[in-house]
Amino acid sequence: MKKYIKPAGLALAFAIVSISFFACSRANDDSLKLRNVGKYEQTMTKDAAVQMEKEIGAFEITAEQRELAKENIGGYKVIDAGRGNPNWINTKARFAFTRFMNFALSECQRTLNNGDMAGHADKSGIGERFDKSMNPADKTDAFLIKAIDYCVKNLNMNKDEIVYELVCGIIGDFYPSPSRCLKNTEVILNHYLESVLYNGKKLADQTYVLPTEGGSAAMCYIFHTLSHNKLLKPGDKIAIATPIFTPYLQIPSVNNYGLVSIDVASEDKTNWDISDKELAKLESKEIKAFFLVNPSNPASHALSDATLKKLEEVVKKNPDLIILTDDVYGTFVNSFETVYARIPYNTILVYSYSKLYGATGWRIGLIATNKDNVMDKLLARLPAKDKNELNKEYSIVTAEPESMKFIDRVAADSRSIGLYHTSGLSTPSQVFMSLIALTNLVEGGKDLYIEQSNELVRQRYITLMSELHLEADASDENASYYTLINVNDLIKRNYDEKFASWKIANKTDIQFLNDLAKKKGVVLMYGPGFDAQPGTVRISLANNNEEDYKELARRLFELLDEYHKEYIAQ
Ligand SMILES: *Cc1c(COP(=O)(O)O)cnc(C)c1O
């Protein structure tokens, strides 16, 4: 089975494998060609070939299995460990949001109060009125008092200004202004990033922030602006740290950016760290950009300190390299340090509140870039023709298009430039982001909520691994938010080599996942969909309770036992 299937053979591979999930196909020849540069070109399984042909993401395959699981033959309660949506939320920031909304409404009613109608809030004396209306004996009020106090004392903000910004923001009666990010909000978000992602490095004062509709929008915006501003052109090579969250594999090809992607792979054997050999690929000046998720998804591992050091060296050899690091899982690793903290000049940082705070429905994330960055330098170096073209476009929203920063272009591009003045994340969302950030900042470094969240997923992970009779990875870099399990290895460890070979020859990865859903009501994700090795599945530790992971392991073995009977019978 582990053989390279030429494009001509793909049709055959198609016919053999179940076809129910092809509905969402978006194949085109280009995408196949581009994605073929990947490292599994030589060892593609039928599943991988089919998936590649149709560019079906792991998420779409899982949607199909979710349907199968609903009516599973065993009549089991469904255990969905597919997606990464956490099953816990942060309450402190939500209580604070509600309480502050009430305060803000009372402020609006001061200026006009006529039935359901109120006016804009009034800035003068608002800080004092805030103090008066908060009750220090109430837990939520006490947090809000502490939060505003932190802004005034630690972030040098004027009390009336910060309270007024939050009041107008939560009420949402003005367009976001400045468009990119509210003024004090940007300072708060910067200090939050510094607190949780920079490992002691002081970069808050030299970083711009653009809040976005989650990390997903951040990704789309960045790809678009890099391409639109000709920092990435058709034919350019980009490197992607694989295995990776599927959109990073799909966006470059689906949007016809014409980029050629090269895998910078990591694997189980090196504990999901990137080897020197793979990192060395980035030394070539042909590589224009490097996209990574750190800690990774699906493998859930952070780059080690040694690898960060090597990456710094590599960038010295390719000084114009643009790095995009998606650090959504950063807080799940102790003493995490983002690539941005090491290589601020070259790095675009993407962060999202979705996972840690159970806030996927809010759509809140951000893009951060250094004030001094390679994107702005490359913009200045564009050929005159490109520059003139872009200047003309951006001149409709700024008097000095030539000096418009990359991150401001991202904001403008997010509304097709023309609607720049209506761009920016909704102000209530920005206020919620500030309140979340302040839950961390007021604790001065020791954030119990973050510790609890880490402990929660870690405990589930340890239980799962123990039930699967696999060794748990106790390394500092393991975020334990997901784990990638190689089912074939699992079979070798728990049964024997011969049975493992039989399973590989007789059950494709997707068939295995379908059986698991259809017979046992368990939904996991297809590893090769993330460019992980054949045989792998991603198990999310975020969305079920500890007991469910025991049951998940039990049902998985139940299916393997059934396979084993089939194997013996033959
Ligand atoms: C879940 C996830 C995100 C978050 O996306 P949102 O749009 O903020 O919900 C971003 N990147 C990765 C790698 C993720 O796994």
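Everything here concerns the structure above.
Residues numbered from 1 in each chain as written. Predicted model: local features only at pLDDT ≥ 70, side-chain atom pairs only at ≥ 80, totals over all residues. Heavy atoms only, no water.

### Quick look at the overall build of the protein
(1) Moving on: In terms of regular secondary structure, the protein is built from 23 helices and 14 strands.
(2) Moving on: Against the 2.2 N^0.38 benchmark of 25 Å for 570 residues, the protein shows a C-alpha radius of gyration of 25 Å, consistent with a compact globule.
(3) Moving on: For the C-alpha atoms alone, the extent of the protein along its principal axes is close to 85 × 60 × 45 Å.
(4) Moving on: Within the span of the protein, comprising 570 residues, buried residues form 58% of the whole.
(5) Moving on: If you take every contact in the protein between residues at least 6 apart in sequence, the share linking residues at least 24 apart comes to 75%. (Helix = DSSP H or I, 4+ residues; strand = E, 2+ residues; numbered from the N terminus. Rg over C-alpha atoms; globule rule 2.2 N^0.38 Å. Buried < 20%, exposed > 50% of the residue type's maximum accessible area, 1.4 Å probe, protein only. Contact = heavy atoms within 4.5 Å.)

### Quick notes on the pattern of salt bridges
(1) Moving on: For the coordinates displayed, the defined rule picks out 40 salt bridges.
(2) Moving on: Linking E67 and K70 is a salt bridge whose minimum nitrogen-to-oxygen distance equals 3.1 Å. In this pair, E67 and K70 are both assigned in helix α4 (residues 58-70), three residues apart and thus about one turn of the helix distant.
(3) Moving on: You can call E67 partly exposed: its relative accessible area is 47%.
(4) Moving on: Assessed through its relative accessible area of 57%, K70 is described here as exposed. (Salt bridge = Lys/Arg side-chain N within 4 Å of Asp/Glu carboxyl O.)

### Here's the deal with the pairing of strand β11 (residues 482-486)
Here is the key point about a regular strand: its side chains alternate between the two faces of the sheet.
(1) Moving on: Extensive coverage of β11 is indicated by the burial of five of its five residues.
(2) Moving on: The alternating pattern of β11 places Y482, L484 and N486 and T483 and I485 on opposite faces, both of which are buried.
(3) Moving on: Note: β11 against strand β14 (residues 536-540), five bridges, orientation antiparallel. Looking at β14, one finds that N486 is bridged to T536. (Pairing = 2+ DSSP bridges.)

### Some thoughts on the sheet that holds strand β10 (residues 365-370)
(1) Moving on: Pairing in this open sheet of seven strands is mixed, and the strands run β4-β10-β9-β8-β7-β5-β6 from one edge to the other. Each of the sheet's edge strands pairs with one partner strand only, and the pair in question is β4 (207-212) and β6 (260-265). Along the sheet, successive strands turn relative to each other by an average axial angle of 20°, direction set aside.
(2) Moving on: Both strand β5 (residues 237-242) and β6 contribute to a ladder of six bridges, which runs parallel. Bridged to K237 within β6 is V260.
(3) Moving on: Packed on one face of the sheet, helix α11 (residues 247-254) meets β5, β7 (287-293) and β8 (322-326) and runs near 160° to β5. (Axes fitted to C-alpha atoms, helices over the stretch in contact; angles between N-to-C directions.)

### Some points on the pairing of β6
(1) Moving on: Among the six residues of β6, five are classified as buried, and the element is accordingly described as predominantly covered.
(2) Moving on: Following the backbone out of β5, through α11 and into the adjacent parallel β6, one traces a crossover that is right-handed. (Right-handed = clockwise from strand over helix to strand, strands pointing away.)

### Re the site of the ligand
(1) Moving on: As a structural note, the neighbourhood of the ligand is formed by 14 residues, with S216, Y329, S352, K355 and R363 the closest of them.
(2) Moving on: One of the side-chain N or O atoms of Y329 is found 2.6 Å from an oxygen atom in the ligand.
(3) Moving on: Contact between the ligand and S354: an oxygen atom at 2.7 Å from a side-chain N or O atom of the residue.
(4) Moving on: In isolation the ligand has 380 Å² of accessible area, and contact with the protein removes 94% of it.
(5) Moving on: For the shell around the ligand, the class distribution of residues is five nonpolar, six polar and three charged. (Near = heavy atom within 4 Å. Polar contact = N/O pair within 3.5 Å; in protein donor to acceptor, adjacent residues only side chain to side chain. Areas by Shrake-Rupley, 256 points an atom, 1.4 Å probe, with all protein chains shown as cover. Nonpolar A, V, L, I, M, F, W, Y, C, P; charged D, E, K, R; others polar.)

### Quick look at the packing of aromatic side chains
(1) Moving on: Applying the stated rule across the entire model yields 29 aromatic pairs.
(2) Moving on: Pairing Y357 with Y449 gives two aromatic rings, centres 5.5 Å apart and planes at 10°, and the pair type is stacked. In this pair, Y357 sits in the loop between β9 (347-352) and β10 while Y449 sits in helix α19 (residues 448-467), placing the two residues 92 residues apart along the sequence. The pair Y357 / Y449 is uniform in exposure class, with both members buried.
(3) Moving on: Seen in terms of ring centroids, F499 and Y567 are 5.2 Å apart; in terms of plane orientation they differ by 35°. Their pairing is tilted. Placement of F499 in helix α21 (residues 497-506) and of Y567 in helix α23 (residues 546-569) is noted, with a sequence separation of 68 residues between them.
(4) Moving on: Every member of this aromatic cluster is reached through a ring pair, and the members are F59, F223, F245, Y248, Y257, F291 and F530.
(5) Moving on: Residue placement shows K503 over the ring face of F512; its charged tip is 5.4 Å from the ring centre.
(6) Moving on: The positively charged end of R538 is found above the aromatic ring belonging to Y482, 3.8 Å away from the centroid. (Phe/Tyr/Trp six-rings, centres within 6.5 Å; stacked < 30°, edge-to-face > 60°. Lys NZ or Arg CZ within 6 Å of the ring centre and 35° of its normal.)

### Quick look at the sheet that holds strand β13 (residues 525-526)
(1) Moving on: If you trace the three strands from one edge of the open sheet to the other, you get β11-β14-β13, paired in antiparallel fashion. What marks the edges here is a single partner per strand, and that holds for β11 and β13.
(2) Moving on: Sheet strands touched by helix α20 (residues 487-494): β11 and β14. Its angle to β11, the strand with the most contacts, is close to 60°.

### Quick word on α23
(1) Moving on: Here α23 is 24 residues long and its end C-alpha atoms lie 35 Å apart, about the 34 Å a rise of 1.5 Å per residue gives.
(2) Moving on: Among all positions of α23, only D548, Y549, L552, A553, R555, L556, F557, L559, L560, Y563 and Y567 are buried. (Expected span 1.5 Å × (residues − 1).)

### Re unusual backbone geometry
(1) Moving on: A cis geometry characterises the amide bond from T242 onward to P243, with omega recorded as -5°.
(2) Moving on: Relative to the helices and strands, P243 resides in the loop between β5 and α11.
(3) Moving on: A cis amide bond links N294 with the next residue in sequence, P295, at an omega value of -10°.
(4) Moving on: Within the element layout of this structure, P295 appears in the loop between β7 and α13 (305-317).
(5) Moving on: Of note, the phi angle at N156 is positive, near 55°, even though the residue is not glycine.
(6) Moving on: Note that N156 resides in the loop between α7 (139-153) and α8 (159-171).
(7) Moving on: For N271, which is not a glycine, the phi torsion comes out positive at approximately 55°.
(8) Moving on: Tracing the sequence through the fold places N271 in the loop between β6 and α12 (276-280).
(9) Moving on: Note on N271: relative accessible area 31%, which makes it partly exposed.

### Notes on the nonpolar core
(1) Moving on: Of all hydrophobic cores here, the largest spans 103 residues; its most connected members are L193, Y353, Y357, F512, L524 and L552.
(2) Moving on: Looking at which element gives the most residues to this core, the answer is α23, with nine residues.
(3) Moving on: Residues within four places of L524 in sequence aside, it is in contact with T62, Q65, A81, G82, L513, L516, V537, R538, I539, L552 and L556.
(4) Moving on: Within the second largest apolar cluster, 43 residues are counted, among which are L259, V374, Y394 and Y420. (Core = buried A, V, L, I, M, F, W, Y, C linked by side-chain atoms within 4.5 Å.)

### Structural notes on the packing of helix α10 (residues 214-228) against helix α17 (residues 406-413)
(1) Moving on: At a closest axis distance of 9 Å, the pairing of α10 and α17 adopts a crossing angle of 110°. Looking at the two axes, α10 sits roughly perpendicular to α17. Contacts from Y221, H224, T225, L226 and H228 of α10 reach α17 at F406, R409, V410 and D413.
(2) Moving on: Within the contact of α10 with α17, the residues separate by chemical class into four nonpolar, three polar and two charged. (Parallel < 35°, antiparallel > 145°, perpendicular 65-115°, else oblique.)

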